[in-house]
Amino acid sequence: MKDVSLTSLGEIFVKKNFFATTAGILVVGAIIGLCAILLQKFGNPANMGICVACFERDIAGALGFHRAAVVQYLRPEILGFVLGSLLASIVFREFKPRGGSAPMVRFVLGIIAAIGALVFLGCPWRTILRLAGGDGNALFGFAGLAVGVFIGTLFLKRGYSLGRSETQSTFSASLFPLLIFALLLLFLVFPQIPGQTQSGPLFYSAKGPGSMHAPFWLSLGIGLLVGALAQRSRFCTMGALRDLFLFRYMHLFLGIASLFVVAFGLNLALGNVHFGFAGQPVAHTDSLWNFCGMVTAGLAFALAGGCPGRQLFMAGEGDTDAALFAIGMLVGAAIAHNFGTASSGAGIGPHGIHATVIGFIVCLAIGFAHCKRA
Amino acid sequence: MREIDTRGLSCPEPVLKFHQALAESPEPFDVLVDNEVSRENVTRAAQKKGFAVTVKNEANGVSRLELRK
């Protein structure tokens, strides 16, 4: 950690992390909003410039963990998030190998979070982008997210804690970023072959959302940039709501507000705002389960201490507990498609309701099991 | 001097512990943090409540935030 008595210019920039200030997080939110719309413009699915849950589902598909043919693509954005955060944390000396805070619980929370989010068809980042595109169904998703996070704050006020983490070896903390780097290499060695749905061991959708993607270098570049900025600014969409409920703090919320304003403004300028409920891209109109899916997901994010994006950024800076949550989300996304819990544009999956309810109950059990006070 | 130990804890616990300590007594206290995020968050929270925050580095990446009025 930095000593406050250091005065050289470089150290001042390091010590006073601009991106962690109010102005900084507003800037970061705006850049993320801009990047998301750019990605949409250059090929990512509509209202899905960035979606951590959807993209982890696509990665699960690319790796063959599920075989839903329309959602298979090794999204470089996710790889960039982790590696961008890793680079920023190394440059600014914040890479801190840590872990051991109820890892199994965090892994399960990741599974539940992905399942819940894929009932609504979006993580909190995509919720904001769907709202910015005029998708009224996202109002129910956002409301569900808020309720889920709120329930999480009730546990936090009762002394909920997964316990202290401890220092881990640098080797251990490097494994997840190395895994992500290996996926990047895999992508480069087995790139998409036009007209084919497989390249080496990797699957590539020929149709559907998995086939819609911006050029590789744009996706990776934006992922790296967002990863670095989000690491510096501690950007967290769940924390934005949680801190509002717990402490009436606006700091993180300003980041997501900025993201929304910029994304909405750009969508308006590009003619990409279509207000309504029916016919929205990669979305369904089952309001009750849009709401409930995100209640479950929101509670899982709150109990795990970060939104899906934040978990990736923390994993990049050496947090092995966050890495396990991220891997849990990958597994949960695979389960969602293998077990028929994931939704589609046509509506909820055959077991979406079961999964949402079971996931919520498991989250409640996790919450109660880890409260200190009566 | 009261000491609140937030080492090994991730957000929002350090700030929660700060608020709990404040609720117990308005007397000054120290908060131990072991990462930048906690340092930023606790400093922000303490300054909102009118504390002056002095950071003293200790061993093993731990910092002591001295919260004084």
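Use the structure listed above.
Just so you know, these numbers come straight off a predicted model, no measurement behind them.

Requested: an account of the overall build of chain B, with residues and values cited.
Counting its regular elements, chain B contains two helices and four strands. Taken from N to C terminus, the helices and strands of chain B fall in the order β-α-β-α-β-β. For 69 residues, the compact-globule estimate of 2.2 N^0.38 gives 11 Å, and the C-alpha radius of gyration of chain B, at 11 Å, lies within 12% of that figure. Dimensions along the principal axes, computed over C-alpha positions, put chain B at roughly 30 × 20 × 20 Å. Summarising the internal contacts of chain B: among those between residues at least 6 apart in sequence, 58% fall at separations of at least 24. Here chain B has roughly 3,100 Å² of accessible surface; of this, 47% comes from carbon and sulfur atoms. Put simply, chain B has 11 plus and 11 minus side-chain charges, and the middle of one group is 6 Å from the middle of the other.

Mind laying out the pairing of strand E4 (residues 63–68) of chain B, listing which residues take part and the relevant values?
Residue and element names in this part refer to chain B. With five of six residues buried, E4 is to be regarded as a mostly interior element. Two strands pair when backbone bridges link them, and strand E2 (residues 29–33) and E4 are joined in this way by five bridges, in the antiparallel orientation. Following the sheet pairing, Leu32 is matched in E4 by Arg64. Here strand E3 (residues 52–57) runs beside E4; their pairing, made up of six bridges, is antiparallel. Counterpart to Ala52 in the pairing with E4 is Arg68. A loop of five residues connects E3 with E4, the two strands running antiparallel in sequence, and Asn60 in this loop sits at a positive phi of about 60 degrees.

Before we move on, can you summarise the sheet that holds E2(B) with the specific residues and values?
Residue and element names in this part refer to chain B. Pairing in this open sheet of four strands is mixed, and the strands run E1-E2-E4-E3 from one edge to the other. Each edge of the open sheet is held by one strand with a lone partner, namely strand E1 (2–5) and E3. Each strand axis lies, on average, 25 degrees off the axis of its neighbour in the sheet, ignoring direction. In the packing of helix H1 (residues 13–24) onto the sheet, contacts are made with E1, E2 and E4, and the angle to E1 comes to roughly 155 degrees.

Describe the interface of chain A and chain B, listing the residues and the values that go with them.
Accessible area lost upon the coming together of the parts serves often as the stated size of an interface. Contact with chain A, which involves 25 residues of that partner, is made by 27 residues of chain B. Where chain A abuts chain B, roughly 2,200 Å² becomes buried across the two surfaces, and 53% of that area is made up of carbon and sulfur atoms. The tally of links from chain A across to chain B stands at three salt bridges. Residues B:Asp5 and A:Arg164 are paired through a salt bridge, measuring 3.8 Å at the closest nitrogen-oxygen approach. At the junction of chain A and chain B, the tally comes to nine residue pairs in polar contact (both at pLDDT 80 or more). Of the residues belonging to the side of chain A that touches chain B, the class tally is nine nonpolar, six polar and 10 charged.

Which residues make up unusual backbone geometry, and what values do they have?
In the segment running from B:Cys11 into B:Pro12, the intervening peptide bond is cis, with an omega of 5 degrees. One non-glycine residue, A:Asn47, lies in positive phi territory at about 55 degrees. In this fold, A:Asn47 is placed in the loop between helix H2 (22–41) and helix H3 (52–62). The phi dihedral of A:Arg234 falls on the positive side, at around 60 degrees, and the residue is not glycine. Within the element layout of this structure, A:Arg234 appears in the loop between helix H9 (216–233) and helix H10 (237–247). Of the residues examined, A:Arg234 reaches a relative accessible area of 6% and is grouped as buried.

Run through the packing of H3(A) against helix H4 (residues 76–91) of chain A, naming residues and quoting values.
All names here are of chain A. H4 packs onto H3 with a crossing angle of 110 degrees between their chain directions and a minimal axis gap of 9 Å. Classified by the interaxial angle, the pair formed by H3 and H4 is roughly perpendicular. Contacts from Val52, Phe55, Glu56 and Ile59 of H3 reach H4 at Glu77, Ile78 and Phe81. Grouping the constituent residues of the contact of H3 with H4 by class yields five nonpolar, no polar and two charged.

Which residues make up the nonpolar core, and what are the values?
The biggest cluster of nonpolar side chains holds 119 residues, and the ones touching the most others in it are A:Leu109, A:Trp125, A:Tyr160, A:Phe235, B:Phe29 and B:Leu67. Residues within four places of A:Phe235 in sequence aside, it is in contact with A:Ile25, A:Val28, A:Gly29, A:Ile32, A:Trp125, A:Ala230, A:Leu252, A:Gly255, A:Ile256, A:Leu259, A:Arg310 and A:Phe313.

I'd like a description of H1(B), backed by residues and values.
The end-to-end C-alpha separation of H1(B) is 16 Å, in line with the 16 Å expected for 12 residues at 1.5 Å each. Along H1(B), the positions that sit buried rather than exposed are B:Glu13, B:Pro14, B:Val15, B:Leu16, B:Phe18, B:Ala21 and B:Leu22. Elements that come into contact with the buried residues of H1(B) comprise helix H7 (137–157) and H10 of chain A together with E1, E2, helix H2 (36–48) and E4 of chain B.

Outline the packing of H1(B) against H2(B), listing residues and values.
All names here are of chain B. The interhelical angle for the contact between H1 and H2, taken along N-to-C directions, is 30 degrees, at an axis separation of 9 Å. Viewed along their axes, H1 and H2 adopt a mutual orientation that is roughly parallel. Crossing handedness for the pair H1 and H2: right-handed. Only Ser38, Asn41, Val42, Ala45 and Ala46 of H2 make contact with H1, whose side of the interface consists of Pro14, Val15 and Phe18. Grouping the amino acids of the contact of H1 with H2 by side-chain chemistry returns six nonpolar, two polar and no charged.

Can you tell me about the packing of aromatic side chains, naming the residues and giving the values?
All names here are of chain A. Counting across every chain of the model gives 20 aromatic pairs over all chains. Between Phe81 and Trp125 the ring centres are 5.8 Å apart and the planes differ by 35 degrees, which places this aromatic pair in the tilted class. Taken together, the positions of Phe81 in helix H4 and Trp125 in helix H6 (residues 124–132) put the pair 44 residues apart, joining distant regions of the chain. A single burial state applies to Phe81 and to Trp125, both of which are buried. Each residue in the set Tyr73, Phe187, Tyr204, Phe216 and Trp217 is aromatic and connected to the rest through ring pairs, giving one cluster. In this arrangement the basic side chain of Arg130 is found over the ring face of Phe120, its NZ or CZ atom lying 4.2 Å from the centre.

How each quantity is defined
Residues numbered from 1 in each chain as written. Chains lettered and ligands numbered in written order. Predicted model: local features only at pLDDT ≥ 70, side-chain atom pairs only at ≥ 80, totals over all residues. Heavy atoms only, no water. Helix = DSSP H or I, 4+ residues; strand = E, 2+ residues; numbered from the N terminus. Rg over C-alpha atoms; globule rule 2.2 N^0.38 Å. Contact = heavy atoms within 4.5 Å. Areas by Shrake-Rupley, 256 points an atom, 1.4 Å probe, with all protein chains shown as cover. Lys, Arg positive; Asp, Glu negative; His and termini not counted. Charge placed at Lys NZ, Arg CZ, Asp CG, Glu CD. Buried < 20%, exposed > 50% of the residue type's maximum accessible area, 1.4 Å probe, protein only. Pairing = 2+ DSSP bridges. Axes fitted to C-alpha atoms, helices over the stretch in contact; angles between N-to-C directions. Buried area = accessible area lost by both parts, 1.4 Å probe. Salt bridge = Lys/Arg side-chain N within 4 Å of Asp/Glu carboxyl O. Polar contact = N/O pair within 3.5 Å; in protein donor to acceptor, adjacent residues only side chain to side chain. Nonpolar A, V, L, I, M, F, W, Y, C, P; charged D, E, K, R; others polar. Parallel < 35°, antiparallel > 145°, perpendicular 65-115°, else oblique. Core = buried A, V, L, I, M, F, W, Y, C linked by side-chain atoms within 4.5 Å. Expected span 1.5 Å × (residues − 1). Left-handed = near helix turned anticlockwise from the far one by under 90°. Phe/Tyr/Trp six-rings, centres within 6.5 Å; stacked < 30°, edge-to-face > 60°. Lys NZ or Arg CZ within 6 Å of the ring centre and 35° of its normal.

Shape is all these values report; function is a separate question.
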